[in-house]
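Take a look at the letters that make up each chain.
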Amino acid sequence: MNRPYSRHGDHLRLSVRLTPAGGRNSIDGAETADDGTVFLKARVSAVAEGGKANRALVELLAKSLRLPKSAFSILSGETARKKILRIDGDPEDLASRFKTLIGS
């Protein structure tokens with residue numbers, strides 16, 4: 001199965017499709033787009049203004065993966081629904097945390 005993340009030397013890159021103002025903060029599994037790209041589906045209750053939704057996304061992922069918020073940075077998609085995040089840490093450890101979180 002394709003995964004929404006890829007391993008790199010000292011980090012993981014995660015593709016996310018974020019739904020801001022989604023009524024709750026949750027990770028809704030993985031989704032495959034028409035072009036074959038796999039995204040982690042996430043929703044946050046924060047609105048998409050002034051970076052609030054992005055901050056809520058980082059907080060949600062940090063809590064879910066038991067990682068510090070400082071491990072996360074947005075590589076692309078700062079103002080878009082589809083984003084690529086960098087998560088600093090051991091790629092194998094991070095991948096196993098994702099497998100536990102989303103079952104892939």
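Definitions and limits used
All residue numbers here refer to positions counted from 1 along the written sequence of the relevant chain. Selection of residues for local features in this predicted model requires a pLDDT of at least 70, selection of side-chain atom pairs for listing and counting requires 80 or more, and totals for whole chains, interfaces and linings are taken over all residues. Calculated side-chain values reflect all of the structure's heavy atoms, with hydrogen atoms and water omitted. Strands here mean DSSP runs of E at least two residues long; helices mean DSSP runs of H or I at least four residues long; both are numbered from the N terminus. Computation of the radius of gyration draws on C-alpha atoms alone. For the globule rule, the value is 2.2 Å times the number of residues to the power 0.38. Only protein chains enter the accessibility calculation, which uses a 1.4 Å probe; a residue is then buried when its area is under 20% of its type maximum, exposed when over 50%, and partly exposed in between. When a carboxyl oxygen of Asp or Glu lies within 4 Å of a side-chain nitrogen of Lys or Arg, that pair is called a salt bridge. A helix is expected to span 1.5 Å multiplied by its residue count minus one. Contacts were defined at the residue level, with two residues in contact if any of their heavy atoms lie within 4.5 Å. Strand pairing is assigned whenever DSSP detects at least two bridges linking the two strands.

**Quick notes on the overall build of the protein**
Then, in step 1: Along its length, the protein carries 2 helices and 6 strands.
Then, in step 2: Helices and strands appear in the protein in the N-to-C order β-β-β-β-α-β-β-α.
Then, in step 3: Its C-alpha radius of gyration of 13 Å places the protein within 12% of the 13 Å reference for a compact globule of 104 residues.
Then, in step 4: Viewed in the frame of its principal axes, the protein has a C-alpha envelope of about 35 × 30 × 25 Å.
Then, in step 5: A total of 104 residues make up the protein; the buried ones form 38% of that total.

**Quick word on the pattern of salt bridges**
Side chains that differ in charge, positive against negative, can pair when their charged atoms come close.
Then, in step 1: Under the definition given, this model contains 8 salt bridges.
Then, in step 2: Across the pair Lys52 and Glu49 runs a salt bridge whose closest N-O atoms are separated by 3.5 Å.
Then, in step 3: With relative accessibility at 39%, the residue Lys52 sits in the partly exposed group.
Then, in step 4: The class for Glu49 is partly exposed, based on a relative accessible area of 46%.
Then, in step 5: With a closest N to O distance of 3.0 Å, Asp93 and Arg97 form a salt bridge. Taken as a pair, Asp93 and Arg97 lie in helix H2 (residues 91-102) at a separation of 4 residues, close to a single helical turn.
Then, in step 6: The partly exposed category is assigned to Asp93, whose relative accessible area is 33%.
Then, in step 7: Of the residues examined, Arg97 reaches a relative accessible area of 23% and is grouped as partly exposed.

**Remarks on helix H1 (residues 52-65)**
Each turn of an α-helix holds 3.6 residues, which means side chains three or four residues apart point in the same direction.
Then, in step 1: With 14 residues, H1 ought to run about 20 Å at 1.5 Å a step, and its terminal C-alpha atoms sit 20 Å apart, in line with that.
Then, in step 2: For H1, every residue scored as buried is listed here: Ala53, Asn54, Ala56, Leu57, Val58, Leu60, Leu61, Ala62 and Leu65.
Then, in step 3: On the buried face of H1, the contacting elements are strand E2 (11-19), strand E3 (26-32), strand E4 (38-43), strand E5 (72-76), strand E6 (82-88) and H2.
Then, in step 4: Downstream of H1 by a residue or two, Arg66 has a phi angle that is positive, lying close to 55 degrees.

**Remarks on the pairing of E2**
Then, in step 1: Burial analysis of E2 places 7 of its 9 residues in the buried class, the great majority of the element.
Then, in step 2: Across 3 bridges, the pairing between strand E1 (residues 5-7) and E2 is antiparallel. Among the inter-strand pairings, Arg7 is bridged to a residue of E2, identified as Leu12.
Then, in step 3: Hairpin geometry of E1 and E2 is characterised by an intervening segment of 3 residues between the two adjacent antiparallel strands.
Then, in step 4: Both E2 and E6 contribute to a ladder of 7 bridges, which runs antiparallel. Bridged to Arg17 within E6 is Lys82.
Then, in step 5: Of the pairings in the sheet, the one linking E2 to E4 comprises 4 bridges and is parallel in character. In the sheet register, Val16 faces E4, and the bridge partner there is Leu40.

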